[in-house]
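Chain by chain, the residues run as shown.
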Amino acid sequence: MLAVHDLTTTYGAVTALDGVSLEAPAGQVTAVLGANGAGKTTLLRTVSGLVRAQRGAVSLEGTDITRLPAERMTGLGIAHVPEGRGVIAELTVAENLRLGGLHRRQGSEPERLERVYELFPVLGDRSNALAHVLSGGERQMLVIGRALMARPRVLLLDEPSLGLAPRVVAQIFALLRTLVERDGLTVLLVEQNATSALSIADRGVVLGLGRVVATEPAERLAADEKLRHAYLGF
Ligand SMILES: Nc1ncnc2c1ncn2[C@@H]1O[C@H](COP(=O)(O)OP(=O)(O)O)[C@@H](O)[C@H]1O
Ligand SMILES: [Mg+2]
């Protein structure tokens, strides 16, 4: 469904991605793992058009989408949840969610809100609360919910677990898995937290210094002790 071929992205003299090829099959969770600086964020930013690829191609269901501007991606059904859980603190939970649906109108807004609240009941309970009072976990749910308001087919997630308690990470990842099973969503999940990511992933891709060093089914990656020690730190 989403395929990346020979992607190279540079920042001045720094080569952040160096000939990366990978696939995120439809209706599956593909985890992209690797240490800090491996190129994970650059991969998502290049796929979603925020950074320009030097070389290579990105395709969605066989259609070339390389170098399309980021604002076109929403219309194509690609949603990017960047690292850092940015919400608009002065707006309510519901208002933040509505912002996510502005550029892609599929189904009525109340209906889309209802589906997000169904998945994340805590957001429904706090729909009129200002975003700045939310906990880290709730904020993460809010940014995922906001992305879902555009009814994406492909969800790009950048380190959703960062800085959250393990129990909260487990809860959010379980919900992601539900979403994939329920709606057939395609997820490209970038994580340093390999253990958690592999627990819900179908496949794993390991990046090391801008290159793909392994692509394996998730269970096989989790069991590969050598690779784990060398690239995943557990
Ligand atoms: N805006 C930028 N300008 C210059 N170098 C950058 C920029 N963003 C990332 N880099 C460099 O690119 C490499 C990959 O970074 P990044 O994609 O953020 O990796 P990760 O998300 O895996 O930590 C690193 O060497 C990083 O220092
Ligand atoms: Mg990153």
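As a starting point, this report considers the structure included with it. (Residues numbered from 1 in each chain as written. Chains lettered and ligands numbered in written order. Predicted model: local features only at pLDDT ≥ 70, side-chain atom pairs only at ≥ 80, totals over all residues. Heavy atoms only, no water.)

1. Observations concerning the overall build of the chain
Working step 1: For the chain, the count of helices and strands is ten helices and ten strands.
Working step 2: Relative to a compact globule of 234 residues, whose C-alpha radius of gyration would be 17 Å, the chain shows 17 Å and is just as compact.
Working step 3: By principal-axis analysis of the C-alpha atoms, the chain measures approximately 45 × 35 × 30 Å.
Working step 4: Within the chain, the proportion of its 234 residues that are buried is 50%.
Working step 5: For the chain, contacts bridging at least 24 residues in sequence account for 67% of all contacts bridging at least 6.
Working step 6: Split by element, the accessible area of the chain, about 10500 Å² in all, is 51% carbon and sulfur. (Helix = DSSP H or I, 4+ residues; strand = E, 2+ residues; numbered from the N terminus. Rg over C-alpha atoms; globule rule 2.2 N^0.38 Å. Buried < 20%, exposed > 50% of the residue type's maximum accessible area, 1.4 Å probe, protein only. Contact = heavy atoms within 4.5 Å. Areas by Shrake-Rupley, 256 points an atom, 1.4 Å probe, with all protein chains shown as cover.)

2. Side note on the site of ligand 1
Working step 1: By nearness alone, every residue bordering ligand 1 is listed as Tyr-11, Val-14, Ala-16, Ala-35, Asn-36, Gly-37, Ala-38, Gly-39, Lys-40, Thr-41 and Thr-42.
Working step 2: The separation between an oxygen atom of ligand 1 and a polar main-chain atom of Gly-37 is 2.7 Å.
Working step 3: Here the element with the most residues in the shell around ligand 1 is helix α1 (residues 40-47); it accounts for three residues.
Working step 4: The class makeup of the residues in the shell around ligand 1 is five nonpolar, five polar and one charged. (Near = heavy atom within 4 Å. Polar contact = N/O pair within 3.5 Å; in protein donor to acceptor, adjacent residues only side chain to side chain. Nonpolar A, V, L, I, M, F, W, Y, C, P; charged D, E, K, R; others polar.)

3. Remarks on helix α7 (residues 166-183)
Working step 1: Taking 1.5 Å of rise per residue, 18 residues should cover 26 Å, and α7 covers 26 Å from first to last C-alpha, within 8% of that figure.
Working step 2: Within α7, burial applies to Val-168, Val-169, Ile-172, Phe-173, Leu-175, Leu-176, Arg-177, Leu-179 and Val-180.
Working step 3: Where α7 is buried, its residues contact β3 (29-33), α4 (109-119), α6 (136-148), β7 (154-158), β8 (186-191) and α8 (194-200).
Working step 4: Gly-184 lies just past α7 and shows a positive phi near 65°. (Expected span 1.5 Å × (residues − 1).)

4. Things to note about the sheet that holds β3
Pairing between the strands of a sheet comes from backbone hydrogen bonds, and it takes one of two forms, parallel or antiparallel.
Working step 1: Read from one edge of the open sheet, six strands run β6-β7-β8-β3-β9-β10, paired in mixed fashion. Each edge of the open sheet carries a strand with a single partner, namely β6 (78-81) and β10 (211-217). Ignoring which end each strand starts from, the neighbouring axes of this sheet average 15° apart.
Working step 2: One ladder, built from six bridges, connects strand β9 (residues 203-208) with β10; its direction is antiparallel. (Pairing = 2+ DSSP bridges. Axes fitted to C-alpha atoms, helices over the stretch in contact; angles between N-to-C directions.)

5. Topic: the packing of helix α3 (residues 93-100) against α4
Working step 1: The interhelical angle for the contact between α3 and α4, taken along N-to-C directions, is 115°, at an axis separation of 11 Å. Of the two elements, α3 crosses α4, and the hand of that crossing is right-handed. On the side of α3, the interface is formed by Ala-94, Leu-97 and Arg-98, while α4 contributes Glu-109, Leu-113, Val-116 and Tyr-117.
Working step 2: By residue class, the composition of the contact of α3 with α4 is five nonpolar, no polar and two charged. (Left-handed = near helix turned anticlockwise from the far one by under 90°.)

6. As for the packing of α6 against α7
Working step 1: With their axes 10 Å apart at the nearest point, α6 and α7 run at an angle of 20° to one another. As judged from the angle between their axes, α6 and α7 are roughly parallel. Handedness of the α6/α7 crossing: right-handed. Residues Gly-137, Gln-140, Met-141, Ile-144 and Leu-148 of α6 form the contact with α7, whose participating residues are Val-168, Gln-171, Ile-172 and Leu-179.
Working step 2: Grouping the constituent residues of the contact of α6 with α7 by class yields six nonpolar, three polar and no charged. (Parallel < 35°, antiparallel > 145°, perpendicular 65-115°, else oblique.)

7. Some words on the nonpolar core
Working step 1: Phe-120, Leu-148 and Leu-155 are the most contacted members of the largest nonpolar core, which totals 49 residues.
Working step 2: Here this core gets eight residues from one element, more than from any other, and that element is α7.
Working step 3: Apart from residues lying up to four places away in sequence, Phe-120 is in contact with Met-141, Ile-144, Gly-145, Leu-148 and Leu-175.
Working step 4: Counting residues in hydrophobic clusters, the runner-up holds 25 residues, among them Val-4, Leu-7, Leu-17 and Val-20. (Core = buried A, V, L, I, M, F, W, Y, C linked by side-chain atoms within 4.5 Å.)

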